[in-house]
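# Summary of structural features
Listed below are the residues making up each chain.
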Amino acid sequence: MRCRTNSECLTFYRRCQAGSSGKERYETVLDVEEDRALWLEHPTHGRLVDVVAVPLANSAGTELRPYDLSGRAPEIMVGPSDGVSIVGFPFGITGGGRFAIWTRGFIASERDVDFHDLPRFLIDARTRPGQSGSPVIAYSAGGMTSMADRSTAIFDGPVTNLLGIYSGRINEQSDLGIVWKVRAIKEILAAQKPGVAGL
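Residues numbered from 1 in each chain as written. Predicted model: local features only at pLDDT ≥ 70, side-chain atom pairs only at ≥ 80, totals over all residues. Heavy atoms only, no water.

Secondary structure assignment for the protein yields one helix and 14 strands. Expressed as a percentage of the 199 residues in the protein, the buried residues total 41%. Across the protein, contacts joining residues at least 24 apart in sequence account for 65% of those joining residues at least 6 apart. (Helix = DSSP H or I, 4+ residues; strand = E, 2+ residues; numbered from the N terminus. Buried < 20%, exposed > 50% of the residue type's maximum accessible area, 1.4 Å probe, protein only. Contact = heavy atoms within 4.5 Å.)

Written out as structure tokens, the structure is:
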């Protein structure tokens with residue numbers, strides 16, 4: 001599973017191994033002839049939000065496995081100092097086949113407060129190039145799990161909550177990284193506002 005940011009694209013997918021040619025496929029994100037962006041950007045903050053959505057036009061042979069953005073999934077309790085997973089491809093490597101690498105980190109700011117007045121929060125994690133655009137998830141392997149409503153639930157299998165999209169460290173000297181909240185993704189998808197090409 002992977003998602004990409006701004007000049008690349010926002011997609012969640014797992015490629016099918018069976019019957020696949022093994023060739024990489026790419027989505028077109030810019031109509032060069034018309035100088036027109038094909039991505040969707042945040043309706044209020046535009047390019048300040050380092051996540052975009054790109055409609056998939058080239059999904060043949062791809063098995064889509066989207067994260068649940070409906071809000072109906074059981075919500076795991078996560079707050080400052082709690083662990084999260086960044087699921088991506090550091091330095092472009094995989095965990096075998098086409099599977100991502102799971103990197104561990106910790107929530108470093110209040111998730112209910114927007115960091116610098118934008119829909120994002122901070123994590124503390126040793127991320128590397130290639131992980132920008134990775135989903136950041138709260139994961140429980142099952143069993144007794146603390147829930148967001150302060151209850152406790154018992155699950156007979158894994159529970160995963162998408163918390164946002166990782167877009168990089170605040171600077172090269174820091175392990176603090178920025179995560180764009182699910183709310184920002186929902187706002188992009190709801191507004192369907194075309195991006196603006198050019199710098």
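Picking up after the structure, the text goes on.
Listed in full, the buried residues belonging to helix 1 (residues 182–191) are V182, A184, I185 and I188. End-on view of helix 1: buried residues confined to an arc of 160 degrees, all on one side of the axis. Buried residues along helix 1 sit against strand 4 (40–41), strand 12 (159–169) and strand 13 (176–181). One or two steps after helix 1, the chain reaches Q192, where phi turns positive at roughly 55 degrees. (Arc of directions from axis to C-beta.)

Grouped together as the largest cluster of nonpolar side chains are 14 residues, with contacts concentrated most on V84, I86, I123 and L163. Put simply, the parts of the chain that give this core at least two residues each are strand 6 (83–88), strand 8 (120–125), strand 9 (135–140) and strand 12. Excluding residues within four positions of it along the chain, I123 makes contact with V84, I86, F106, I107, A108, Y166, D175, L176, G177 and V179. Judged by nonpolar contacts, the second largest core, of 12 residues, contains L40, V49, A53 and I165. (Core = buried A, V, L, I, M, F, W, Y, C linked by side-chain atoms within 4.5 Å.)

Now for the pattern of salt bridges. Under the counting rule described, the total for this entry stands at four salt bridges. Note that E187 is salt-bridged to R183, the shortest N-O span being 3.5 Å. Of this pair, E187 and R183 both sit in helix 1, four residues apart, which is roughly one turn of the helix. What makes E187 partly exposed here is its relative accessible area of 29%. We classify R183 as partly exposed; its relative accessible area is 37%. One continuous salt-bridge network, built from bridges that share partners, spans D114, K181, R183 and E187. (Salt bridge = Lys/Arg side-chain N within 4 Å of Asp/Glu carboxyl O.)

Moving on, we come to the packing of aromatic side chains. Enumeration over the complete set of coordinates arrives at one aromatic pair. Ring plane angle 75 degrees and centroid distance 5.4 Å describe the contact between W102 and Y139, whose orientation is recorded as edge-to-face. Here W102, found in strand 7 (residues 101–107), pairs with Y139, found in strand 9; they are 37 residues apart in sequence, far enough to count as distant. The lysine or arginine in question, R111, covers the ring of F121, its NZ or CZ lying 5.9 Å from the ring centre. (Phe/Tyr/Trp six-rings, centres within 6.5 Å; stacked < 30°, edge-to-face > 60°. Lys NZ or Arg CZ within 6 Å of the ring centre and 35° of its normal.)

Secondary-structure assignment places P74 in the loop between strand 5 (62–63) and strand 6. Given the relative accessible area of 39%, P74 is considered partly exposed. The sequence separation of P74 and N161 amounts to 87 residues, and the corresponding C-alpha distance is 8.0 Å. In this view, P74 contacts M147, F155, V159 and N161; residues no more than four positions away in its chain are not counted.

The residue T145 is located in strand 10 (residues 143–146) in this model. Side chain to side chain, T145 and S140 meet in a polar contact 2.9 Å long. Among the polar contacts made by the side chain of T145, one reaches the main-chain carbonyl oxygen of G143 at a distance of 3.2 Å. Beyond its immediate chain neighbours, meaning those up to four positions away, T145 contacts I76, S140, S151, T152, A153 and F155. (Polar contact = N/O pair within 3.5 Å; in protein donor to acceptor, adjacent residues only side chain to side chain.)

On to the pairing of strand 12, then. When you tally the buried positions in strand 12, you get nine out of 11 residues, the bulk of the element. Bridge count for strand 9 against strand 12 is six bridges, and the pairing is antiparallel. Counted as the bridge partner of P135 is I165 from strand 12. The turn linking strand 12 back onto strand 13 is made up of six residues. (Pairing = 2+ DSSP bridges.)

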